[in-house]
Amino acid sequence: MLKTLQKIFQHNELVFVFLFTLGTLAYINVATGPFIYDDVGLVANNEYIKSFKYIGEYFTSSPRAGAVLVNTSNTDVYRPLATLTYAILYHLFKLNSAPYHLFLILVHVVNSYLIFNLFQKIKFSRIGSLLGAMFFLLHPVQTESVSYISGLPDSFGPLWLLVGLLLFISAFQAKKKKSQILKFIGTCLCFVVAILIKEPLIVFLPLTWLISFYFWKDFKKPQKKIIVIWLGILAVLAATYLALKFTVLEFGAEDFVLVDESVYTQYLGVRLMTFIRILWDYAVLIIYPAALYFQKPYAIAITLFTPKGLACLGGLVAAMVGAFLSSRKKRQFFFVVAWFFLAMIPYSGIMPVNAIYYEHWLYVPLVGIAVIVPLIYDSFKIEKWKKGFLAVLLIIFCIYFVRTTARNQEWADPYKFYENEIAYSPTNGDLYNQLGNLYYGDAKYEEAKKLYESALYLGTTSNSSVMINLAQSHYLLGDTEAAFEYAHEALAQNPNFPFIYSTLSDLYEASGDKELAQEYQQKYEEMVDF
């Protein structure tokens, strides 16, 4: 059986076709899904992506700077090439969401294929590398990066990271100097593209250190000197980017800086303890990905002297010791541990981040976990043990496939998505607001009003938006007095939100006050200057 598999997958083209077919089958049911959650601000209501005359704005503002009718406060990041990608997709397909989903599915398949090639480069067998790529492709935790249109930076950025790392390996393996230089230039370009799609992919730099260390014993002295120079150039690029990112390109940095002050933002020790404790949740997501939902709890750890805290600390120490011992021999287990934790650096709490943990933060770190699959497979020298391990993996992959398709059903159906979110986060007011928007869009105003009232009671990131939603719902239900009351209260809370003026204009127009209606409409048009 194993010889048959080796014969079938001896050509890379067949490997890609297989991964493409498998990935498409696992994710195709999300293709009917509409724009959801942050997709509204990033794509559907983003005027900047609808015309290339704003292309300069892609590189001088945040991805949501062009969003209208959406409150964009405290959401600014610098991802110009992600915005450019959305713009290209918009000009090709307008607001038909299916091609956006199909693009992300293709990106995920390509990433899996690149991982197959990466694993072969680091000396795993062909079948073992394919199994590792399948693990990455089918793992349900990846749905947040693939099935969510706003997750484009989480999967498309890593594509360039993986291409860059493969070019880096090819560069130091090339025999001709010209080929080495061209491939290293390609590595640098991929590095720049990756970080301009998503900032945390600055981890490209430490991952090149890891790969250099992994192959270091194979290098001759002249090669070592060249690689040190290359690593120095990449370090200069990284330093230059970081200097610009936190000065002229600072727009709030959603993935690096949390605006609200708290004990988490103020104390490095608290952030590091929180990261160590949250390793338990990451382990659960990787080993048993049953509970999948977007809005994770904001739970800070102020001590590790709890059962989970001590278990995570013990596991971390054991992993580090194992990695250290492995670093002196074949280095494969070292590669697993080092890749995972290096890829997690942006989310480790060294700098405050916008959440405690997310599923999509595992997209790149999961490559390190996937290495375990070929590592175990190749360690078996007896064929029957390989077959047994392969049988176990196939069962696991079937379970992953079913869980992935089930999760995609939720991403494809906004009602199911928000109901699932509320089931896990019943005190998150933003979720009730979003679900209310769905009912409002379907003209179920009474149901929408109740959800908006729940959202306002629980509190949201933008209570003024909820008040506007309540104003419109009350008006359509015939309660004009309540509509005006909510609209003016929203204006008092957030006079910089353009949609408030548009709503007030509509309300005054309907009540017969043409003068005030025109005044508020003019203010709205001044604020939304497109």
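About the thresholds
- Residues numbered from 1 in each chain as written.
- Predicted model: local features only at pLDDT ≥ 70, side-chain atom pairs only at ≥ 80, totals over all residues.
- Heavy atoms only, no water.
- Helix = DSSP H or I, 4+ residues; strand = E, 2+ residues; numbered from the N terminus.
- Rg over C-alpha atoms; globule rule 2.2 N^0.38 Å.
- Buried < 20%, exposed > 50% of the residue type's maximum accessible area, 1.4 Å probe, protein only.
- Contact = heavy atoms within 4.5 Å.
- Areas by Shrake-Rupley, 256 points an atom, 1.4 Å probe, with all protein chains shown as cover.
- Lys, Arg positive; Asp, Glu negative; His and termini not counted.
- Charge placed at Lys NZ, Arg CZ, Asp CG, Glu CD.
- 1 Å grid on protein atoms, 1.4 Å probe; cavity = no way out; pocket = protein on both sides within 12 Å on 5 of 7 lines; lining within 4 Å.
- Points joined across faces, edges and corners; volume = space filled by probe spheres on them.
- Nonpolar A, V, L, I, M, F, W, Y, C, P; charged D, E, K, R; others polar.
- Expected span 1.5 Å × (residues − 1).
- Salt bridge = Lys/Arg side-chain N within 4 Å of Asp/Glu carboxyl O.
- pLDDT = per-residue confidence, 0-100.
- Polar contact = N/O pair within 3.5 Å; in protein donor to acceptor, adjacent residues only side chain to side chain.
- Phe/Tyr/Trp six-rings, centres within 6.5 Å; stacked < 30°, edge-to-face > 60°.
- Lys NZ or Arg CZ within 6 Å of the ring centre and 35° of its normal.
- Core = buried A, V, L, I, M, F, W, Y, C linked by side-chain atoms within 4.5 Å.
- Axes fitted to C-alpha atoms, helices over the stretch in contact; angles between N-to-C directions.
- Left-handed = near helix turned anticlockwise from the far one by under 90°.
- Patch = residues over 30% accessible without salt bridge, like charges linked within 9 Å, V, L, I, M, F, W, Y side chains within 5 Å.

### Digging into the overall build of the chain
Thought 1: In terms of helices and strands, the chain carries 26 helices and zero strands.
Thought 2: Radius of gyration (C-alpha) of the chain: 25 Å, near the 24 Å computed for a compact globule of 530 residues.
Thought 3: Taken over the C-alpha atoms alone, the chain extends approximately 85 × 50 × 45 Å along its principal axes.
Thought 4: When burial is assessed residue by residue, the chain has 55% of its 530 residues classed as buried.
Thought 5: A fraction of 73% describes how many contacts in the chain between residues 6 or more apart in sequence connect residues 24 or more apart.
Thought 6: Here the chain displays about 23,300 Å² of accessible surface, and carbon together with sulfur accounts for 64% of that area.
Thought 7: Taking the average location of the 42 positive side-chain charges in the chain and that of its 40 negative ones, the two points are 27 Å from each other.

### Some points on empty space enclosed by the protein
Thought 1: Tallying each qualifying case throughout the model produces three cavities of 30 Å³ or more.
Thought 2: For the largest cavity, the calculated volume is near 80 Å³.
Thought 3: In terms of lining, the largest cavity is formed by D154, P158, K198, P200, L201, A343, Y347, H360, W361, Y363, V364 and P365.
Thought 4: Considered class by class, the residues forming the lining of the largest cavity number nine nonpolar, one polar and two charged.
Thought 5: Its boundaries defined by the atoms lining it, the second largest cavity holds a volume of some 40 Å³.
Thought 6: If you go around the second largest cavity, the residues you meet are Y264, R271, T274, F275, I278, Y347, S348, G349 and I356.
Thought 7: In terms of residues, the lining of the second largest cavity owes the most to one element, helix α14 (residues 268-287), which gives four residues.

### Quick word on helix α15 (residues 307-326)
Thought 1: In a regular helix each residue adds 1.5 Å, so 20 residues correspond to 28 Å; α15 covers 28 Å between its end C-alpha atoms and thus fits that length.
Thought 2: Next to the buried residues of α15 lie α14 and α16 (332-343).

### Describing the pattern of salt bridges
Thought 1: In the structure shown here, the tally under the stated rule is 12 salt bridges.
Thought 2: Here R277 ties to D281 by a salt bridge, and the two come within 3.6 Å at their closest N and O atoms. A residue pair is termed a helical-turn pair when its members lie 3 or 4 positions apart in one helix, as R277 and D281 do in helix α14 at four residues.
Thought 3: Residue D281 is classed as buried on the basis of its relative accessible area of 19%.
Thought 4: Linked through salt bridges whose partners overlap, the residues forming this network are R407, E410 and E421.

### What to know about unusual backbone geometry
Thought 1: In this model, K94 sits at a positive phi of 55°, which is unusual for a non-glycine residue.
Thought 2: When you line up the elements, K94 lands in the loop between α5 (80-93) and α6 (97-121).
Thought 3: Look at K94 and you get partly exposed, because its relative accessible area is 45%.

### Structural notes on the environment of I49
Thought 1: Here I49 is to be found in the loop between α3 (39-44) and α4 (55-58).
Thought 2: Residues I49 and E489, spaced 440 residues apart in sequence, show a C-alpha to C-alpha distance of 32 Å.
Thought 3: If sequence neighbours within four positions are ignored, I49 has contacts with L42, V43, Y58, T83, Y86, A87, Y90 and H91.

### What about the confidence of the model for the chain?
Low-confidence regions, as indicated by low pLDDT, have predicted coordinates that should not be scrutinised in detail.
Thought 1: On average, the chain scores 89 in pLDDT, and the residues at 70 or more come to 95%.
Thought 2: The element-level mean pLDDT for the chain is lowest in helix α1 (residues 2-8), coming to 71, with α6 highest at 97.
Thought 3: This stretch, residues 252-259, has a pLDDT under 50; its non-local contacts, to residues over four places away or in other chains, come to 32 contacts.

### Digging into the environment of K224
Thought 1: Residue position: K224 is located in helix α12 (residues 221-245).
Thought 2: The spacing of K224 and Y54 is 170 residues in sequence and 45 Å in space, taken between C-alpha atoms.
Thought 3: Those residues within four positions of K224 in sequence are excluded, and the remaining contacts are W216 and F219.

### Describing the side chain of E359
Thought 1: Relative to the elements of secondary structure, E359 occurs in the loop between α16 and α17 (365-370).
Thought 2: Polar side-chain contacts of E359 include one of 2.6 Å to the side chain of K296.
Thought 3: Not counting chain neighbours up to four residues away, the residues in contact with E359 comprise V141, E144, L285, A291, L292, Y293 and K296.

### Side note on the packing of aromatic side chains
Thought 1: Across all of its chains, the model carries 42 aromatic pairs by this definition.
Thought 2: When the centroid spacing of 6.2 Å and the interplanar angle of 75° are considered together, the rings of F156 and W160 count as edge-to-face. Placement of both F156 and W160 in helix α9 (residues 152-173) is noted, with a separation of four residues, approximately one turn of the helix.
Thought 3: F156 sits in the buried class, given a relative accessible area of 13%.
Thought 4: When its relative accessible area of 28% is taken as the criterion, W160 is described as partly exposed.
Thought 5: In this structure an aromatic cluster arises from ring pairing among F168, F172, F184, Y214, F215, W216, F219, W230, F335 and W339.
Thought 6: The positively charged end of R331 is found above the aromatic ring belonging to F213, 4.2 Å away from the centroid.
Thought 7: Over the ring of Y501 we find K523, and its NZ or CZ is 6.0 Å from the ring centre.

### Observations regarding the nonpolar core
Thought 1: Counting residues in each nonpolar core, the largest one holds 171 residues, and the members touching the most others are L19, L131, F172, Y282 and W339.
Thought 2: Contact partners of L19, with chain neighbours within four places excluded, come to V109, S112, Y113, L130, A133, M134 and L137.

### A word on the packing of α9 against helix α11 (residues 204-215)
Thought 1: Direction vectors running N to C along α9 and α11 enclose 35°, while the axes themselves pass 11 Å from each other. When the axes of α9 and α11 are compared, the crossing they make is right-handed. Judged by residue contacts, W160, L161, G164, L165, F168, I169, F172 and Q173 of α9 engage F204, L207, T208, I211, S212 and F215 from α11.
Thought 2: When the residues that make up the contact of α9 with α11 are grouped by side-chain class, the tally is 10 nonpolar, four polar and no charged.

### Notes on a negative patch on the surface
Thought 1: A cluster of acidic residues, D479, E481, E485 and E489, forms a negative patch at the surface.
Thought 2: Topologically, E485 is positioned in helix α24 (residues 480-493).
Thought 3: A relative accessible area of 53% places E485 in the exposed class.

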